[in-house]
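# Close look at the chain arrangement
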Amino acid sequence: GENVEQHPSTLSVQEGDSAVIKCTYSDSASNYFPWYKQELGKGPQLIIDIRSNVGEKKDQRIAVTLNKTAKHFSLHITETQPEDSAVYFCAASQKTGANNLFFGTGTRLTVIP
Amino acid sequence: DTAVSQTPKYLVTQMGNDKSIKCEQNLGHDTMYWYKQDSKKFLKIMFSYNNKELIINETVPNRFSPKSPDKAHLNLHINSLELGDSAVYFCASSQDPRWGEAFFGQGTRLTVV
């Protein structure tokens, strides 16, 4: 089955700096890679996703890159704000949908004001 | 309006008891899921239902029995609770198992004592 590794497990940045979270996956058949943000006491919420036919996708301060050859993908948050503090999860799936998502172990991001 | 709601939010019970967690979605989605998040924040799918039919059943003890009375509801019943069942259980839904974003509920923190 798929195995998704995520690094780092914790990340602290100063407000305004950039944050980068990296994930690797093992199954070359995976073709859908969403990122979820989980705030304290809440369920994960999709913030951005990328499909295998695209190398990069951007949405305002958030961007995701995908390297299919190396089987890794990354989340980039620029101009971080205190409200970006949360746990972020990457995931991989063989289908462009939510069925059988394999999640990474999460990164706790803290943005220091 | 809450899109995916699950009750209760917290559940503390003794070993050996039987308990249920309820989930409802008002998004008109066809597919619903149960995920388990352990103490290290690792998220793993347990079950997936599409139009009330079970389509994914990961390696979960048969003490866990999901029930979907209609496609807007997916309840989780757990028999003979064990200490290792303590976790946060998330319900989620998506338009279709093959595509579309997964929307998560706020989670149910189950503590078995």
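Attention in this report is confined to the structure presented alongside it. (Residues numbered from 1 in each chain as written. Chains lettered and ligands numbered in written order. Predicted model: local features only at pLDDT ≥ 70, side-chain atom pairs only at ≥ 80, totals over all residues. Heavy atoms only, no water.)

## Re the overall build of chain A
The line we're drawing: Comment: elements are numbered from the N terminus, with helices defined as DSSP H or I runs of at least four residues and strands as E runs of at least two. A simple rule labels every residue: compare its accessible area, found with a 1.4 Å probe on the protein chains alone, to the largest value its type can have, and call it buried under 20%, exposed over 50%, or partly exposed in between.
Helix and strand counts for chain A come out as zero helices and eleven strands. When the elements of chain A are put in sequence order from the N terminus, they spell out β-β-β-β-β-β-β-β-β-β-β. In terms of overall dimensions, chain A has C-alpha extents of about 40 × 30 × 20 Å along its principal axes. Per-residue burial for chain A yields a buried fraction of 45% across its 113 residues.

## Considering the sheet that holds strand β8 (residues 73-78) of chain B
All names here are of chain B. As a reminder of what qualifies: At least two bridges found by DSSP between two strands are what make those strands a pair. A fitted line through C-alpha atoms serves as each axis, taken over the contacting stretch for helices, and the angle formed by two N-to-C directions is quoted from 0 to 180°.
Ordered by their spatial adjacency, four strands build an open sheet running β1-β3-β8-β7, and the pairing between neighbours is antiparallel. Two strands bound the open sheet, and with one partner strand each, they are β1 (4-7) and β7 (64-70). For this sheet the average axis-to-axis angle between neighbouring strands, irrespective of direction, equals 20°.

## Structural notes on the pairing of strand β4 (residues 32-38) of chain A
All names here are of chain A. Within β4, seven of the seven residues are buried, which leaves it mostly tucked inside the rest of the structure. Both faces of β4 are covered, namely the face carrying Y32, P34, Y36 and Q38 and the face carrying F33, W35 and K37. Sheet topology note: the β4/strand β9 (residues 86-92) ladder contains four bridges and is antiparallel. Its bridge partner being in β9, K37 is matched across the sheet by Y88.

## Looking at the sheet that holds strand β7 (residues 62-67) of chain A
All names here are of chain A. One open sheet accounts for five strands, arranged β1-β3-β8-β7-β6; its pairing is antiparallel. Every interior strand has two partners, whereas the edge strands, β1 (4-7) and β6 (56-59), have only one. Neighbour-to-neighbour, the strand axes of the sheet open up by a mean angle of 15°, direction not taken into account. Strand direction decides the pairing type here: β7 and strand β8 (residues 72-77), joined by six bridges, are antiparallel. Note that in β8 the partner of N67 across the bridge is H72.

## Digging into the side chain of Q38 of chain A
As a reminder of what qualifies: Within 3.5 Å is the distance limit for a polar contact, defined as a pair of N or O atoms, with the added protein rule that one can donate a hydrogen and the other accept it, and that residues adjacent in sequence qualify only through two side-chain atoms.
Tracing the backbone through its elements, the reader meets Q38 of chain A in strand β4. Only 3.0 Å separates the side chain of Q38 of chain A from the backbone oxygen of K42 of chain A, close enough to count as a polar contact.

## Describing the pairing of β9 of chain A
Residues and elements named next belong to chain A. With seven of its seven residues buried, β9 lies for the most part within the structure. Neither face of β9 is left uncovered, since the one carrying A86, Y88, C90 and A92 and the one carrying V87, F89 and A91 both have all their residues buried. Two elements, β9 and strand β11 (residues 107-112), share three bridges in a ladder whose sense is antiparallel. Bridge assignment links V87 to a residue of β11, and that residue is R108. Where β9 and strand β10 (residues 102-103) come together, two bridges link them in antiparallel fashion. Across the sheet, A91 pairs through a bridge with F103, a residue of β10.

## A closer look at empty space enclosed by the protein
All names here are of chain B. Quick reminder of the rule: Only protein atoms enter the calculation, which uses a 1 Å grid: trapped sets of points that fit a 1.4 Å probe without letting it out are cavities, open sets showing protein on both sides within 12 Å along at least five of seven lines are pockets, and any residue with an atom within 4 Å of a point is a lining residue. Grid points are joined across faces, edges and corners, and a volume is the space filled by probe spheres set on the points. Throughout, the ten residues Ala, Val, Leu, Ile, Met, Phe, Trp, Tyr, Cys and Pro are labelled nonpolar, Asp, Glu, Lys and Arg are labelled charged, and all others, Gly among them, are labelled polar.
One pass over the full model with this rule turns up one cavity of 30 Å³ or more. Of the volumes computed, that of the largest cavity is approximately 30 Å³. Taken together, D30, T31, M32, Y49, N51, K52, S68, D70, K71, H73 and L74 make up the full set of residues lining the largest cavity. Every element with two or more residues in the lining of the largest cavity is listed here: β4 (31-37), β7 and β8. Residues of the lining of the largest cavity, tallied by class, amount to three nonpolar, four polar and four charged.

## Section: the packing of aromatic side chains
The geometry of two aromatic rings is summed up by the distance between their centres and the angle between their planes. Applied cut-off: Ring pairs shown here join Phe, Tyr and Trp side chains whose ring centres sit within 6.5 Å, with only the six-membered ring taken for Trp; geometry is labelled stacked below 30 degrees between planes, edge-to-face above 60, and tilted in between.
Throughout the structure, instances matching the rule amount to 13 aromatic pairs over all chains. With centroids separated by 6.3 Å and ring planes inclined at 45°, the aromatic side chains of Y33 of chain B and Y35 of chain B adopt a geometry described as tilted. Given a relative accessible area of 1%, Y33 of chain B falls into the buried group. Judged by relative accessible area, which is 1%, Y35 of chain B ranks as buried. Each residue in the set Y36, F89 and F103 of chain A together with Y33, Y35, F90 and F104 of chain B is aromatic and connected to the rest through ring pairs, giving one cluster.

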